[in-house]
Amino acid sequence: MSAEQPKDGGAAGRAIIAEFNQRRQRLADTARKLEELVNEVQEHEMVVRTLEPMDKSRKCFRLISEVLVERTTGETLPAVKKNKEALEEVVKKLHRDMQQQEKELTEYQQKHKIKVVDQAGRPIDGEDEDAGEGPSGQSSSSSQNKPQGMLAG
C-alpha cells in the first residue's frame, strides 16, 4: 500500500508523501494503543466482577509494578475500580485524539490530492467509485476482489 507520487514529482512531492505516511503511521500507532487499553479495561472489568461477590476479608494477590502483594478483596476492589475508571478516561481521550487524527489525515489527503493505491496500483480505502466493479468487470463486493486497506475504528 503506497501513495501515488504527485505529477510534479520532485522534492516537494516526496515531502508531501513522507508527511502523509508519517500521519498514517501515527494514526495506526494510536489505533493499536487504543485497542491495547480497551483490552486492559475489559480485564479490569472481569476482575471487578470476580471480586465483588467475594467476602471482603478474603485474601487475594495483586501484582503492583512486578511485585506480587497480598491484600484482602476489600482493599483490592476499590483500587481496581479506580484504575478501571482512569483507564476508561484515557480510552475516551485517545478515541477523541484518533478521530481528530483521522480528520486531519483526510483533510491533508484531499488538500494534496493524494490517492492511496495497493501494489497493483488500484485505489483503496473506498476511493474507487466506478460503478462498484473491479478490474475484471465483476462486482467488487466480494472480499477477495477488494484491496485491503488500513482498519481504523
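All figures in this text were calculated on a predicted structure; none of them were measured in a lab.

Asker: For this particular structure, what's the right way to read the overall build of the chain?
Answerer: Each helix and strand in the chain was counted, giving two helices and four strands. In the chain, the order of α-helices and β-strands from amino to carboxyl end is β-α-β-β-α-β. Evaluated residue by residue, the chain yields a buried proportion of 22% over its 153 residues. At a minimum sequence separation of 6, the contacts of the chain that also span at least 24 residues come to 56%. With an accessible surface of roughly 10,900 Å², the chain has 50% of that area assigned to carbon and sulfur atoms.

Asker: Where do I start with the side chain of T30 in this structure?
Answerer: For T30, the location among the structural elements is in helix α1 (residues 10-51). Residues in contact with T30, not counting those within four places in the same chain, are L94, M98 and Q101.

Asker: In this structure, what is going on with the pattern of salt bridges? I would like to understand it.
Answerer: A side chain of one charge can pair with a side chain of the opposite charge when the charged atoms of the two come close. Evaluation of the coordinates by the stated rule reveals twelve salt bridges. E89 is the partner of K92 in a salt bridge, and the nearest nitrogen-oxygen pair spans 3.6 Å. Here E89 and K92 lie together in helix α2 (residues 73-111), a separation of three residues that amounts to about one turn. Judged by relative accessible area, which is 47%, K92 ranks as partly exposed. For E89, a relative accessible area of 48% translates into the label partly exposed. A salt bridge links D97 to K93; the nearest nitrogen and oxygen atoms lie 2.9 Å apart. Placement of both D97 and K93 in helix α2 is noted, with a separation of four residues, approximately one turn of the helix. Since its relative accessible area comes to 29%, D97 is described here as partly exposed. Several salt bridges converge on common partners, so that one network encompasses E45, R49, K84 and E88.

Asker: Is there a simple way to explain the nonpolar core in this structure?
Answerer: The nonpolar side chains of a soluble globular protein tend to be buried, and buried together. Grouped together as the largest cluster of nonpolar side chains are 16 residues, with contacts concentrated most on F20, L34, L37, V91, M98 and I114. Secondary structure elements with two or more residues in this core: α1 and α2. When near neighbours in sequence (up to four residues on either side) are disregarded, L34 contacts V91, L94, H95 and M98.

Asker: I tried to follow the environment of L37 on my own but got confused; where do I start?
Answerer: Considering the arrangement of structural elements, one finds L37 in helix α1. For L37, a relative accessible area of 8% gives the class buried. Residues L37 and L87, 50 residues apart in the sequence, show an inter-C-alpha distance of 7.0 Å. Apart from residues lying up to four places away in sequence, L37 is in contact with L87, V90, V91 and L94.

Asker: Would you explain unusual backbone geometry in this entry?
Answerer: Glycine aside, the phi torsion of most residues is negative, and most peptide linkages are trans. Positive phi values are uncommon outside glycine, yet S65 reaches one of about 50 degrees. Secondary-structure assignment places S65 in the loop between β2 (59-64) and β3 (67-72).

Asker: Is there a simple way to explain α2 in this structure?
Answerer: It helps to recall that an α-helix has 3.6 residues per turn; residues three or four apart then point in one direction. With 39 residues, α2 ought to run about 57 Å at 1.5 Å a step, and its terminal C-alpha atoms sit 56 Å apart, in line with that. Those residues of α2 not exposed but buried are T73, T76, L77, V80, K84, L87, V91, L94, M98, L105, Y108 and Q109. Backbone geometry just after α2 places K113 at a positive phi near 55 degrees.

Procedures and definitions
- Residues numbered from 1 in each chain as written.
- Predicted model: local features only at pLDDT ≥ 70, side-chain atom pairs only at ≥ 80, totals over all residues.
- Heavy atoms only, no water.
- Helix = DSSP H or I, 4+ residues; strand = E, 2+ residues; numbered from the N terminus.
- Buried < 20%, exposed > 50% of the residue type's maximum accessible area, 1.4 Å probe, protein only.
- Contact = heavy atoms within 4.5 Å.
- Areas by Shrake-Rupley, 256 points an atom, 1.4 Å probe, with all protein chains shown as cover.
- Salt bridge = Lys/Arg side-chain N within 4 Å of Asp/Glu carboxyl O.
- Core = buried A, V, L, I, M, F, W, Y, C linked by side-chain atoms within 4.5 Å.
- Expected span 1.5 Å × (residues − 1).

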